[in-house]
Amino acid sequence: MSTKTSMLPSNVKSSFLSTADHYKYPVIFLVAFLGIWTAGVRFYEIPQFILPTPMDIVMSFQGEIGSLTPHTQATLWEAFFGWTVGNLIGITLGAVMAEFAVLKRSIYPYVIMLRSLPVVAFAPLLIIWMGVNTGPILAAATITTFFPSLVNSIAGFSSTDQLTKELMHSLNASRWQVFRKVKLYNAVPYIFSALRISVALAFVGAVVGEWLVGNQGLGYLIIVANNQLNTLLLFRALIIIGVFATAWFGLMMFLERWIVNWGSQASGGATR
């Protein structure tokens, strides 16, 4: 084993060791948490319908993948739709509001007011307007992602300091050039922050929508599991949501690092 490891290129070995060291403590915490969970259930003899052990939950997936797949696909589609549409509208409107101060001062107070309302408060209106179908679910997922995306985008596009703006104006840069070369570049971290935050919120909106009008999806399964006191089904749905949300969040982090590094290298190459 050591011979094979020594044959690896130094950069690959270094990357592997760095990754292992980075995830060492999360893995240790997970193992300890699962061990305490299992020991607590066994020691106090907690019934499975109240709290199953981690192994019970893992074993319960056997033979259930086929029945879980259509529900998982439905929730993923609803969350992805809400995440995409909500962020597109939020980022676009945020850029416009940051560019036109009068529009920002006119609308922003109402944005903050609406953001403070839970998505469940909009549910009756969504059902009246769209009917008992997937429309309210998609709308709920879109609403939950829209507000953080809008607020972050406004902050990002407004983050350019006055000195940089004056420098661009002294170079006879047009308003579009200032926006594209300075404001958009400064807003990238804020936008990616919104994209990451809205991943979890998109699932929240989709699940809440499924609780209200859904006849399929992981949120629907949670309601079924609650009515049947089927704790294993409840944990299966929660684990699937958590796994996909974590993977999606990780993808956003990877894309952010790649785009930021690519932009820095491009800027460095242009400078040279």
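Placed above this text is the structure.
This text gives an overview of the structure that appears in the document. Keep in mind that what you see is a predicted model, and the values were worked out from it rather than measured.

Digging into empty space enclosed by the protein
Item 1. Taken as a whole and judged by the stated rule, the model has one cavity of 30 Å³ or more.
Item 2. Along the walls of the largest cavity sit Ala123, Leu126, Ile127, Pro136, Ile137, Ala140, Gly209, Leu212 and Val213, which together make up its complete lining.
Item 3. Looking at the lining of the largest cavity, the elements that each hand over two or more residues are α7 (119-130), α8 (134-157) and α10 (175-213).
Item 4. A class-by-class count of the residues in the lining of the largest cavity yields eight nonpolar, one polar and no charged.

Description of the side chain of arginine 196
Item 1. Positionally, arginine 196 belongs in helix α10.
Item 2. A distance of 2.3 Å separates a polar atom in the side chain of arginine 196 from a polar atom in the side chain of glutamate 256.
Item 3. Once residues within four sequence positions are removed from consideration, arginine 196 is found in contact with Phe249, Met252, Met253 and Glu256.

Observations regarding helix α3 (residues 24-44)
Since the α-helix packs 3.6 residues into each turn, any two residues three or four apart lie on the same face.
Item 1. A rise of 1.5 Å per residue sets the reference length of α3, with its 21 residues, at 30 Å; its end C-alpha atoms lie 30 Å apart and thus fit the reference within 8%.
Item 2. Immediately downstream of α3, the backbone of glutamate 45 shows phi near 55°, a positive value.

Things to note about the environment of isoleucine 191
Item 1. Within the element layout of this structure, isoleucine 191 appears in helix α10.
Item 2. Given a relative accessible area of 11%, isoleucine 191 falls into the buried group.
Item 3. For the pair formed by isoleucine 191 and glycine 156, sequence separation is 35 residues and the distance between their alpha carbons is 7.0 Å.
Item 4. Ignoring sequence-local partners within four residues, the contact set of isoleucine 191 consists of Ile91, Ser153 and Phe157.

Criteria and thresholds
Per chain, residues are indexed from 1 in the order of the written sequence. Totals for whole chains, interfaces and linings use all residues, but because this is a predicted model, local features are given only for residues with pLDDT of at least 70 and pairs of side-chain atoms are given and counted only at 80 or more. Only hydrogens and water are removed before side-chain values are computed, so all heavy atoms of the structure are retained for them. The rule is simple: put a 1 Å grid over the protein atoms alone, call a set of points where a 1.4 Å probe fits but cannot get out a cavity, call an open set with protein on both sides within 12 Å along at least five of seven lines a pocket, and count a residue as lining if it has an atom within 4 Å of a point. Grid points are joined across faces, edges and corners, and a volume is the space filled by probe spheres set on the points. The helix count covers DSSP runs of H or I at least four residues long, the strand count covers runs of E at least two residues long, and both are numbered beginning at the N terminus. For this scheme, ten residues count as nonpolar: Ala, Val, Leu, Ile, Met, Phe, Trp, Tyr, Cys and Pro. Four count as charged, namely Asp, Glu, Lys and Arg, and the remainder, Gly too, count as polar. In the analysis that follows, any N or O atom pair within 3.5 Å is treated as a polar contact, provided that within protein one partner can donate a hydrogen and the other can accept it, and provided that, for residues neighboring in sequence, both atoms belong to side chains. Here, two residues are considered to be in contact whenever any of their heavy atoms come within 4.5 Å of each other. Given a helix with a known number of residues, its expected span is that number minus one, times 1.5 Å. For every residue, the accessible area obtained with a 1.4 Å probe (protein chains only) is divided by the maximum for its type, and the residue is called buried under 20%, exposed over 50%, and partly exposed between those limits.

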